[in-house]
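# Inside the fold
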Amino acid sequence: APNRIWWKDGTVYQIYPASYKDSNNDGLGDIPGIISKIDYIKDLGVDLVWLSPMYDSPQLDMGYDISNYEAVYPPYGTVADMETLIEACHSRGLRLILDLVINHTSDEHQWFKESRRSKTDPKRDWYIWRPAKYAADGTRMPPNNWRSFFSGSAWQWDEHTQEYYLHLFATQQPDLNWENATTRRAIYDSAMEFWLQKGVDGFRIDTVNMYSKGTDLPDAPVIDQGIFEQPASSLFCNGPRMHEFLREMNTQVLSKYDTMTVGELPDTPDPKHVLRYVSSGDKQLDMIFQFDIVDLGGGKIHKYEYEGYQLSEMKAIIAKWQQFIDGSDGWTTVFCENHDQGRSVSRFASDAPEWRERSSKLLAIMMCAMTGTLFIYQGQEIGMINAPTAWPIEYYKDIEALNYYHSVAKRTNNDTEALAHVMKSIQILGRDHARLPMQWDSTPYAGFTGKKDGAWMRTHDLYKEINVASQLNAPDSVLNFWKKMLQTRKAHKDLFIHGRFETFDMDNQETFVFGKTFGQDRAVVALNFTDSEQPFKRPQGQGKMQLLVSNVGGVDGTEDILLPYEGRVYLAL
Ligand code: ISL
């Protein structure tokens, strides 16, 4: 029998504090706002809350640029509010995990302010400083050609001490130097122990495979012709001391508490390598987010050069990350949304008015039938969709999208076609879509804020059609479907949370049919990913099956046609 640890069976609900609920009408969500919705969250049937960064921050990257791990961003509240939130969760049987962002800090963190003071400052070595290189003609060059995730060089020249510092993300997010043991200890104490001692139940760990970069920092191969900076993540992800660092973090900190950890693992395609991070025998992380599913369709040179995808690719990715734990002592995750992604209905199904509700339910079936710890993102439970395509670039706020858009504008001298393609990509994959205010009801600004001139981020045009209040008491709503699916998942834990994943008809580009087995128990899931009717071929050798769930009314399961975006789950009799 599998070991039933709470974090395996748990469903996690992610909250983005800026956009969940504003309690004091300043246009920004806050911790008291989250506390006011805690019974709503409990009623969903989830078990854990993951809170995106609420730490003090200049907010260049929405709080992923932390200036003090031990303080709360004042507009979000106080440490005392966080203590109230921890208690509000625990008293309802919910656990709370925080976001742990320790690859970098803000440039306004005290550690960096000291580090940049002089080359001999005791904290100089807490960040990654390097001298300039010089071209043959004497031009000053950064130490290598790495491109930052937010466009431009990953190196910033510092006039005061005449050296460059490394920043894999924004210029204002300098990378910490994990080679330094004193730095690592300070990170453990400030970012982890401080909150664990207050009772938080673990962490979602940001960019967990980037801490060890080696010390040579060689140039990346040139794949983006005509520009100096090159994508380099294969050079700085999964570096030589990565597993050593995570074992140390586990031994020195995590092992003292009853925690769960889920690490973000970009650019790690090899299942054998992923297993090294999550093998329970080698204490590092409990589970990870592998990126294949959310990278689907993104461009090779840059994600905002959208290329599209075929259903067979999505199916292969899902099967790969469902099956990679078979026969191992590792564990996997199930997710298709977070604060960095377009909304799943718009990306993977259809947000057209006639299909968007059924599409949301289709994806709910897919998510709830899969093995692993399930993560859902705020608003996913009511089928929130991407921002309208009519929104101009000026309505977008995210540093990643804006920097790339403007870099292409500059490079191409405002080429209309190039910019139209970037815009289309942002309309599908942009991080802003997930950051629109949560749609609570049909009052102004979707009931998110009472501020007269609205929230920090524009409210979706369709909030009157898609919101919590209108769905709560509608039996057929997306919200009630999600609640039912979360219960169904729990009622058949063996099959849905722990079962083996089986594939059928993998080349079919219209439907996704998969099986789940556990001992003698069997389930078959059939999903139509098109807006037309599709033949449903029952997989061979499944015996008598009975319909358990459908996202369409009046279906009894005998039909051999799947309606547009129809999804069904069958159980073996
Ligand atoms: O950005 C990426 C691709 O464009 C990813 O591979 C990237 O590593 C990943 O999205 C990291 O995201 C996390 O760290 C960022 C922050 O901006 C994101 O919001 C966070 O989820 C920097 O802290």
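What counts, and at which threshold
- Throughout, a residue's number is its position along its own chain's written sequence, starting from 1.
- Local features are withheld for residues below a pLDDT of 70 in this predicted model, meaning they are given only at 70 or higher, and side-chain atom pairs are given and counted only at 80 or more; totals for whole chains, interfaces and linings count all residues.
- Just so you know, side-chain values use all the structure's heavy atoms and leave hydrogens and water out.
- Angles run from 0 to 180 degrees between N-to-C directions of axes, and those axes are lines fitted to C-alpha atoms, restricted for helices to the stretch in contact.
- Helix and strand definitions follow DSSP, with helices as H or I runs of at least four residues and strands as E runs of at least two, each counted in order from the N terminus.
- Working definition: roughly parallel below 35 degrees, roughly antiparallel above 145 degrees, roughly perpendicular at 65 to 115 degrees, and oblique for all remaining angles.
- By the definition used in this description, the sense in which the near helix is turned from the far one sets the handedness, with an anticlockwise turn below a right angle giving left-handed and a clockwise turn giving right-handed.
- Contacts are assigned to residue pairs that have any heavy atoms within 4.5 Å of one another.
- Residue classes follow a fixed rule: Ala, Val, Leu, Ile, Met, Phe, Trp, Tyr, Cys and Pro count as nonpolar, while Asp, Glu, Lys and Arg count as charged, and any other residue, Gly among them, counts as polar.
- For each domain, the first and last residues come from an automatic or database assignment.
- Accessible area, probed at 1.4 Å, shrinks when two parts are joined; the buried area is that loss added up over both.
- One speaks of a salt bridge when a side-chain nitrogen belonging to Lys or Arg is within 4 Å of a carboxyl oxygen belonging to Asp or Glu.
- Residues enter a nonpolar core if they are buried and are Ala, Val, Leu, Ile, Met, Phe, Trp, Tyr or Cys, with the set joined through side-chain atoms within 4.5 Å.
- Only protein chains enter the area calculation, which uses a 1.4 Å probe; residues under 20% of their type maximum are buried, those over 50% are exposed, and those in between are partly exposed.
- We call a residue near a molecule or strand when any one of its heavy atoms sits within 4 Å of it.
- In the analysis that follows, any N or O atom pair within 3.5 Å is treated as a polar contact, provided that within protein one partner can donate a hydrogen and the other can accept it, and provided that, for residues neighboring in sequence, both atoms belong to side chains.
- In short, Shrake-Rupley with a 1.4 Å probe defines the accessible areas, and a residue's cover is counted only from the protein chains shown.
- Following DSSP output, two strands are said to pair if at least two bridges run between them.
- The rule is simple: put a 1 Å grid over the protein atoms alone, call a set of points where a 1.4 Å probe fits but cannot get out a cavity, call an open set with protein on both sides within 12 Å along at least five of seven lines a pocket, and count a residue as lining if it has an atom within 4 Å of a point.
- Grid points are joined across faces, edges and corners, and a volume is the space filled by probe spheres set on the points.
- Every residue carries a pLDDT, the predictor's confidence in it, which falls somewhere between 0 and 100.

Here the focus is the packing of helix H6 (residues 181-196) against helix H8 (residues 242-252). Relative orientation of the contacting elements H6 and H8 amounts to 50°, with a least axis distance of 11 Å. One finds that H6 runs oblique with respect to H8. The two elements H6 and H8 cross, and the hand of that crossing is right-handed. In contact with Arg184, Arg185, Tyr188, Met192 and Glu193 of H6, H8 contributes Phe245, Glu248, Met249 and Gln252. Here the residues of the contact of H6 with H8 are counted per class, giving four nonpolar, one polar and four charged.

In many analyses, interface size is given as the accessible surface area lost on bringing the parts together. Looking at the protein, the domain boundaries give domain 1 (7-105 + 181-478), domain 2 (110-166) and domain 3 (500-572). Computed over C-alpha atoms only, the centres of domain 1 and domain 2 are separated by 29 Å. Counting residues at the interface gives 33 residues for domain 1 and 21 residues for domain 2. When domain 1 packs against domain 2, close to 2300 Å² is buried across both sides, 63% of that on carbon and sulfur atoms. Its largest share of buried area at the contact with domain 2, domain 1 owes to Leu217, Phe228 and Glu229, together 26% of the area lost on that side. Ionic pairing is found between aspartate 224 and arginine 147, a salt bridge with its closest N-O pair at 3.9 Å.

Moving on, we come to the nonpolar core. Counting 157 residues, the largest nonpolar core has Tyr40 and Met366 as the members making the most contacts within it. When neighbours within four sequence positions are excluded, methionine 366 is seen to be in contact with Met314, Ile318, Phe512, Phe514, Leu527 and Phe529. Membership of the second largest hydrophobic core comes to 19 residues, among which are Phe150, Trp155, Ala170 and Ala232.

Lining the immediate surroundings of the ligand are 19 residues, of which Asp61, His104, Asp206, His339 and Asp340 lie closest. Take aspartate 340: an N or O atom from its side chain is 2.5 Å from an oxygen atom of the ligand. One of the side-chain nitrogen or oxygen atoms of glutamate 400 is found 3.1 Å away from an oxygen atom of the ligand. When the ligand is considered free in solution it has 510 Å² of accessible area, and contact with the protein chains removes 93% of it.

Attention shifts here to the side chain of threonine 488. Position of threonine 488 among the secondary structure elements: in helix H17 (residues 478-491). Taking the relative accessible area as the measure of exposure, threonine 488 reaches 13% and is therefore buried. Beyond its immediate chain neighbours, meaning those up to four positions away, threonine 488 contacts Phe496, Leu548 and Val549.

A separate point is the sheet that holds strand S13 (residues 287-290). With parallel pairing, the eight strands of this open sheet are ordered in space as S13-S12-S11-S5-S2-S1-S15-S14. Two strands close off the open sheet at either side, each with one partner strand: S13 and strand S14 (333-334). Where strand S2 (residues 48-51) meets strand S5 (residues 95-100), four bridges bridge the pair, whose relative direction is parallel. Residue pairing for S5: valine 49 is matched across the bridge by leucine 96. Packing against the sheet, helix H4 (residues 79-90) makes contact with S2 and S5, and its axis sits at approximately 140° to S5. Relative to the sheet, H6 contacts S5 and strand S11 (202-205), its axis offset from that of S11 by approximately 145°.

Let us look at empty space enclosed by the protein. Following the criterion strictly, the structure yields five cavities of 30 Å³ or more and no others. For the largest cavity, the calculated volume is near 210 Å³. Ile293, Trp321, Thr333, Val334 and Phe335 are, among the 16 residues lining the largest cavity, the residues nearest its centre. Considering each element in turn, the lining of the largest cavity owes the most residues, four residues, to helix H11 (residues 311-323).

A few words now on the confidence of the model for the protein. On average, residues of the protein score 97 in pLDDT, and 99% of them are at 70 or above. Predicted confidence in the protein is weakest over helix H7 (residues 233-236), with a mean pLDDT of 95, and strongest over strand S1 (residues 11-15), with 99.

One pass over the structure, following the stated rule, counts 36 salt bridges. Between arginine 116 and aspartate 158 there is a salt bridge whose closest N-O contact spans 3.3 Å. In this pair, arginine 116 is assigned in the loop between helix H5 (110-115) and strand S6 (129-130) and aspartate 158 in strand S9 (residues 155-158), connecting sequence segments 42 residues apart. Taking relative accessible area as the criterion, arginine 116 reaches 27% and is therefore assigned partly exposed. Aspartate 158 sits in the buried class, given a relative accessible area of 6%. Connected through shared salt-bridge partners, Asp61, Lys303, Asp340, Asp398, Glu400, Arg431 and Arg435 make up one network.

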